[in-house]
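# Structural characterization, general
This is what each chain is made of:
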Amino acid sequence: GNSVTQMEGPVTLSEEAFLTINCTYTATGYPSLFWYVQYPGEGLQLLLKATKADDKGSNKGFEATYRKETTSFHLEKGSVQVSDSAVYFCALSYSNYQLIWGAGTKLIIKP
Amino acid sequence: SQTIHQWPATLVQPVGSPLSLECTVEGTSNPNLYWYRQAAGRGLQLLFYSVGIGQISSEVPQNLSASRPQDRQFILSSKKLLLSDSGFYLCAWSAMDRGYEQYFGPGTRLTVT
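Residues numbered from 1 in each chain as written. Chains lettered and ligands numbered in written order. Predicted model: local features only at pLDDT ≥ 70, side-chain atom pairs only at ≥ 80, totals over all residues. Heavy atoms only, no water.

### Points about the packing of aromatic side chains
Aromatic ring pairs: the centre-centre distance and the angle between the two ring planes describe each pair. Residue and element names in this part refer to chain B. Short version of the rule: Stacked, tilted and edge-to-face are the three classes assigned to paired rings of Phe, Tyr and Trp, where Trp is represented by its six-membered ring and a pair needs centres within 6.5 Å; plane angles under 30 degrees give stacked, over 60 edge-to-face, the rest tilted. We count a stretch as a helix when DSSP gives it H or I for four or more residues in a row; a strand needs E for two or more, and each element gets its number in order from the N terminus. Relative accessibility thresholds used throughout: buried, under 20% of the residue-type maximum; exposed, over 50%; partly exposed, between the two (1.4 Å probe, protein chains only).
In total, this model carries 13 aromatic pairs over all chains according to the counting rule given. Seen from their ring centres, Trp35 and Phe74 are 6.1 Å apart, and the 25 degrees between their planes marks the pair as stacked. With Trp35 in strand β4 (residues 32–38) and Phe74 in strand β8 (residues 73–78), the pair connects residues that are 39 residues apart, well separated along the chain. Owing to a relative accessible area of 0%, Trp35 belongs among the buried residues under this scheme. The buried category is assigned to Phe74, whose relative accessible area is 0%.

Written out as structure tokens, the structure is:
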């Protein structure tokens, strides 16, 4: 079946460090892939997406590339800030109606 | 532009009391609508989704129900709350002309005491 696996958190980094949050998926067909971010006490916000293989989604300094050969969609940022502290969710499109969600990865950035 | 509203923002209710959470979407027609629950420190659990007025699909058998009385209104209800119903409830919408992504409301923090 379809599934999304994210690296377990929390991930703790110092400010200006390089960030990678791993996401791998299992899916039939060619799903779209998404990263969402949830700041404390808030709803989720779409961070970036990719709709086909080799597409790169980017937003606010974050990037992720849709790798079909490795079934991955890892989230990266070159230099994190304290304000990036949040929970990050990877997801794939399951149908016209549903997304399959990863468990979420909590990111803590220390000044 | 599209906006999504949820209320109330926080709610404290005793065990056995009823529940009604409301979600409305503006700026789009015939959206797909979703209710999720997020337990403390956990991921998202899809509770219900709706593709049209009066059309509700339940993902998890539970103490809750959902209704869609109008195109852009989605209501989550319970007749008698349980302690295990505590959590963060999120409403979301999606639309065919916006791809598959879902857009979330600010959430309702429910504490059952």
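### Focus: the environment of Arg109(B)
All names here are of chain B. Short version of the rule: Contacts are residue-level and defined by heavy atoms, with any inter-residue pair within 4.5 Å sufficient.
By the secondary structure assignment, Arg109 is in strand β11 (residues 108–112). Exposure remark for Arg109: the relative accessible area of 36% places this residue in the partly exposed category. As a C-alpha pair, Arg109 and Tyr34 span 75 residues in sequence and 17 Å in three-dimensional space. Contacts of Arg109, omitting those with residues within four sequence positions, involve Ala9, Thr10, Leu11, Gly87 and Phe88.

### Notes on the pattern of salt bridges
All names here are of chain A. Spelled out, the test is: Salt bridge, as used here: a side-chain nitrogen of Lys or Arg that lies within 4 Å of a carboxyl oxygen of Asp or Glu.
In total, this model carries 6 salt bridges over all chains according to the counting rule given. Across the salt bridge formed by Lys52 and Asp55, the nearest N and O atoms sit 3.3 Å from each other. Classification of Lys52 as exposed rests on a relative accessible area of 51%. Note that Lys56 is salt-bridged to Glu63, the shortest N-O span being 3.6 Å. Accessibility expressed as a relative area gives 34% for Glu63, which makes it partly exposed.

### Some words on the interface of chain B and chain A
Where interface size is quoted, it is often the accessible area lost as the parts come together. We apply this condition: Here's the idea: put two parts together, see how much 1.4 Å probe accessible area each one loses, and the total over both is what we call buried area. N or O atoms within 3.5 Å of each other form a polar contact, as long as, within protein, one can give a hydrogen and the other can take it, and as long as residues adjacent in sequence are counted only when both atoms are side-chain atoms. When residue character is reported, Ala, Val, Leu, Ile, Met, Phe, Trp, Tyr, Cys and Pro are called nonpolar, Asp, Glu, Lys and Arg charged, and the others, Gly included, polar.
Contacts between the two partners involve 22 residues from chain B, matched on the other side by 19 residues from chain A. Counting each side, the surface lost to burial between chain B and chain A is near 1,600 Å², with a carbon and sulfur contribution of 57%. Together, Leu44(B), Tyr100(B) and Glu101(B) form the three largest contributors to the area buried by chain B at its contact with chain A, with a combined 34%. Between chain B and chain A we count 1 salt bridge in total. Taken together, the connections running from chain B to chain A amount to 4 residue pairs in polar contact (both at pLDDT 80 or more). Listed by contribution, the elements that provide at least two residues to the side of chain B that touches chain A are β4, β5 (44–52), β9 (87–94) and β10 (103–104) of chain B. For the side of chain B that touches chain A, the class distribution of residues is 13 nonpolar, 5 polar and 4 charged.

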